[in-house]
Structures are given as C-alpha cells and as structure tokens.
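# A closer look at the structure
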Amino acid sequence: MKEIVPAPPPVVRNDVAAVQKLFQQHVVPSYGRFEIVLSHGSGSYVYDVTGKRYLDLGSGIAVSALGHAHPAITEALVDQSRKLIHASNFYFHEPQGRLAQALAGLLGPGKCFFCNSGGEANEGLFKLARKFGHEEGRFEVISTLNSFHGRTLAGIAATGQEKVRKGFEPMVPGFRQVPYNDLAAVENAISPTTAAVLIEGIQGEGGVSPARPDYLLGLRRLCDEKKLLLLMDGVQDGHFRTGRFQSFQRILESTDLAGPDLPVATAETCLGGGSSPRSFLPDAISMAKSLGGGFPIGAIWVRGPYADLLSAGSHGSTYGGSPLACAVALKVLEVVQREKLADNARQIGEYLKAGLARLAQTYPQVVRSARGLGLMLGIELAPDIQTLPVDPSRTPAVRFAQLLHAAGVLTIPAGVQVLRLLPPLNLSRGEAEEGLAVMETVASKLAS
Ligand SMILES: Cc1ncc(COP(=O)(O)O)c(C=O)c1O
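Predicted, not measured: the structure shown is a model, and the values here were computed from it.

### Side note on the nonpolar core
- Counting residues in hydrophobic clusters, the biggest one holds 119 residues, and the most contacted among them are V197, L229 and A299.
- If you tally residues by element for this core, the top one is helix α11 (residues 323-338), at 11 residues.
- Mapping this core onto the domain boundaries places at least three of its residues in each of domain 1 (16-63 + 341-447) and domain 2 (72-338).
- Those residues in contact with A299, other than ones at most four positions away along the chain, are L103, C112, F113, F114, C115, A121, M287 and L291.

### Re the site of the ligand
- S117, G118, G119, G150 and Q236 are the nearest of the 15 residues found near the ligand.
- Sort the elements by how many residues they give to the shell around the ligand and helix α5 (residues 118-133) lands first, with three residues.
- Its residues placed into classes, the shell around the ligand shows four nonpolar, eight polar and three charged.

### Side note on α11
- For α11, with 16 residues, the first-to-last C-alpha span of 22 Å sits near the 22 Å given by 1.5 Å per residue.
- For α11, the complete set of buried residues consists of L324, A325, C326, A327, V328, A329, L330, K331, V332, L333, V335 and V336.

### Brief notes about the domain arrangement of the protein chain
- Its domain assignment divides the protein chain into domain 1 (16-63 + 341-447) and domain 2 (72-338).
- Distance from the C-alpha centre of domain 1 to the C-alpha centre of domain 2: 27 Å.
- Counting residues at the interface gives 22 residues for domain 1 and 22 residues for domain 2.
- Broken down by secondary-structure element, the contributors of at least two residues to the side of domain 1 that touches domain 2 are α2 (59-62), α12 (341-362), β13 (367-373), β14 (376-381) and β17 (418-421).
- Looking at which element gives the most residues to the side of domain 1 that touches domain 2, the answer is α12, with five residues.
- Split into classes, the residues belonging to the side of domain 1 that touches domain 2 amount to 13 nonpolar, six polar and three charged.

### Structural notes on the packing of α12 against helix α14 (residues 429-447)
- One way to put it is that α12 packs onto α14 with a least axis distance of 10 Å and a crossing angle of 15 degrees. Put simply, α12 runs roughly parallel to α14. For the pair α12 and α14, the sense of crossing is right-handed. Taking contact as the criterion, the partners of I348, Y351, L352, G355 and L359 in α12 are, on α14, R429, A432, L436, M439, E440 and A443.
- When the residues that make up the contact of α12 with α14 are grouped by side-chain class, the tally is eight nonpolar, one polar and two charged.

### With respect to the sheet that holds strand β2 (residues 45-48)
- Strands sit in the order β1-β2-β3-β15 across an open sheet of four strands; the sheet is mixed. Each edge of the sheet is formed by a strand with only one pairing partner; in this case those strands are β1 (38-42) and β15 (409-410).
- Here β2 pairs with strand β3 (residues 53-56) via three bridges, running antiparallel. Residue pairing in the sheet places Y45 in a bridge with L55 of β3.

### Here's the deal with the sheet that holds strand β5 (residues 140-144)
- Spatial strand order, β4-β12-β11-β10-β7-β5-β6: seven strands in an open sheet with mixed pairing. On the outer flanks of this sheet lie β4 (110-115) and β6 (175-178), each paired with one strand and no other. Direction aside, the axes of adjacent strands within the sheet are offset by 20 degrees on average.
- Judged from the six bridges that link them, β4 and strand β12 (residues 298-303) form a sheet pairing that is antiparallel. Of the residues in β12, the one forming a bridge with K111 is V302.
- Contacts between helix α4 (residues 94-107) and the sheet are confined to β4, β11 (284-287) and β12, with β4 contributing the most and set at about 130 degrees to the helix.

Basis of the calculations
- Residues numbered from 1 in each chain as written.
- Predicted model: local features only at pLDDT ≥ 70, side-chain atom pairs only at ≥ 80, totals over all residues.
- Core = buried A, V, L, I, M, F, W, Y, C linked by C-beta atoms within 7 Å.
- Buried ≥ 20, exposed ≤ 12 C-beta atoms within 10 Å, placed from the backbone.
- Helix = DSSP H or I, 4+ residues; strand = E, 2+ residues; numbered from the N terminus.
- Domains from an automatic or database assignment.
- Contact = placed C-beta atoms within 7 Å.
- Near = placed C-beta within 6 Å.
- Nonpolar A, V, L, I, M, F, W, Y, C, P; charged D, E, K, R; others polar.
- Expected span 1.5 Å × (residues − 1).
- Axes fitted to C-alpha atoms, helices over the stretch in contact; angles between N-to-C directions.
- Parallel < 35°, antiparallel > 145°, perpendicular 65-115°, else oblique.
- Left-handed = near helix turned anticlockwise from the far one by under 90°.
- Pairing = 2+ DSSP bridges.

Pasting the structure below:
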C-alpha cells in the first residue's frame, strides 16, 4: 500500500552535525542554541549524543524538579496513559480535581485553572485582571522592569525587557513597568484604569533578584487600599525551589514584619487539601515549569473572593489539566513530600550559595557575587571579566556557560552577566560539591 506520509529519513545516531543540520533546515531559528545535542538523562545528569555526561544544574530552566527519568514520573505516565490520557474540559475527572485541591491546600482558600505552560498561565492572570476591573473600565496591569512573563503577545507586553518586544510592536495595550522592589514607583504609577499589579517573587530571567519582604507586604497593603489584584508569577521560582512552595513564603519567613500568621503550608500538608491561617497571600499565582517535572502543565490559583470571576465560557484550554498532566503533577507533589525535597532545596541551596560566595571571595576578578534562595541561585560575573577565551561575540554569561559545558556542567545564562543555577530539587550534596569543584576549576583558570 502506498504510504501517504513518508517516514522521516533516518538520522545517523550519535552524529552531532546531522542533528544540527536537521534543525538548520527545518526548525524555526527562534532560539540561540548551544552546540550540545542531548540524548538522554538520569537523575541530575544528562548525556549528549557523543556520550559526554553533564551535571545538569539548569534542569531545563527549572523544569525537571525530580531530575531526569525519575521512575515515579515514568510510572505515573504509564499508569495514567493506560486509563485516560486526555479528556475534554466538557467533562469532570479526578486527577484535575485532586491537583486543584492539593495546590489550594498549599496556598489558601481558592480555586485553580489549568493550562499547559507559564506563558499561558500568565494569560490567565491577565484575563482575570481584565474581568476583575471590567465593570469600572479598569484593565491596566502594572508589572516591573527586568521581569519576564512569557512570550505570548500579552506576556511580552507585561515583560519589562525591551529585547523580547523588538519587532513585535505595537504592544498589547494595558501594561506598564516600574522599577522592581520600589513600592513608591508602583503607587505613583496607579491610574484610574489600573486593575492589578504583577510581580515575580524572585526575578529569574532578570538575573535572580528576590523581592524584599517589606516590598511584598507593602504591595499587599497598597493593592487592598486601591482595590487592585496582587498577581504573582511563580512560574520559575515556585514549586518548592526556594525551600517553600512559593518564594513569597520563603521570603516572608525570615522577617517578623508579617506577624505571627505566616503561611505554614508545606508539602506535608498539601495532599490532604488542608489549609492554615496566613497573613500574606497574593490574589492569584501563575505556575508551570516544575509543576509537571518535565511534563507540560501550567496553572493559576485564584484566591477565594475572585475564584469564580472566570465563569463558564470565559476562558479555556483544550489540553489544560488533562488527566495525564495532572496525574504526573500529583506524583511530583507526592515525591516532593516523601523525599522531603523542600528541605533538600533549602539545605543544598545554602551549601551551594556558600560555595559560590567563597568563589566570589577567592576570584573577585571572575565572580562578583552570589545571590538567590534555595535552589534558585545567581552567579554575577565580574563586570570587567574580559579574559574569556571563547566566542567574543557572545555575552560573558553565555561564554562562562560554554566553559562550564566543556568541563561537564550545565547552567542557564540570565541577561548579560548572570548565570543561574536551577538544579533538580533532589540534587545531592555530592553533586553540589562536584558542581562547585568544576566552577572553581573554571574560575581559577580564568583568574590565572
Ligand atoms: C517567571 C516566568 N514566567 C513565565 C515564563 C514563561 O513560561 P513558558 O515558557 O512555560 O511559557 C517563564 C519562562 O521562563 C518565567 O521564567
């Protein structure tokens, strides 16, 4: 019988050039890619097609929360795919309901909407803000400079970085940016059309900059006073990466500014859907990345009073909250709980950060500083780091990442001068030591 769709021509296995040629010829070149052609992974390591092993301290930009090929994820995928992979949101199914219960249990009284990515989750936040302000003609969202909120048209309008917008003007109206960690700037920017304020608890793409506790609490007060929604983009910094479910919980625990009623939910309390008193909560949070541990899923959680604003017919997604995606996300939560990965993120994060701070002390001509919380860390390279031997047309962050690749470690550049470490939440102490040793070798060579 004649084949209607021809089978793709075979790729010569382990041929880097052949795979790259396929991309050059057939894949839209919207990404600047490193030369590496990946093949498979196991735990905190990935392997390229030549067999070279890398310690993965980027986990696919904070996605592979349990590392690579975790058996629990494979098992959840196989088990659920035998029962029901997809169901239209015309119908109910248990995994979506249980996942919404678990996420609300970690945050507070409210409801969830499911989608497939961080950008899509933020679209949900924008639509929520518009619905919230609609009757009063309010629609504007104030976000922050250096933020990142995804690549959709509204996402780039919300993002406070010119480079993501270039060539896509005119921007979707209704977005304005003010400096981060500057409460007065938000207050001054509020207009009669403002409906919401949107921030990341830790700016990720912007270079790993955490919000200050007084900024978070001040924003909450301001939004209450001015009847605005406080929206948080937890796509990158969420899901226990900082040692708490959301970064604001971690940021606020270190201060007494929030009073005695700090958010106390942990992975241990979430699966039963339990809640506890909280003095600080945003009105809605977007999530994605680690939520599915590598399987695409996004979500928003909306606080109680606003949870029904997106009423029947007002928002949707064909794939959003599929049984398969939700079963995997539930499994990720279960493993985080069982293996106490929030604590691990906190402890290994502190160990890594101390090691990076030592690097900055020992090699100030290479590393300027280390910052971040838990397993969301940024290494700021020295401003005058000019001695990098690889490709001078690339940014210092990219060139440093390339040197680390050669030495067998993956990291994620952020902006011009910062490298991010966003490793799996189950990174071991030995793996952290190995990563630090490699970074030290690279830094010492550059310094000499
Ligand atoms: C804070 C933040 N928001 C939104 C996004 C967009 O997520 P996605 O790429 O899944 O659309 C990202 C992606 O890096 C992000 O870091």
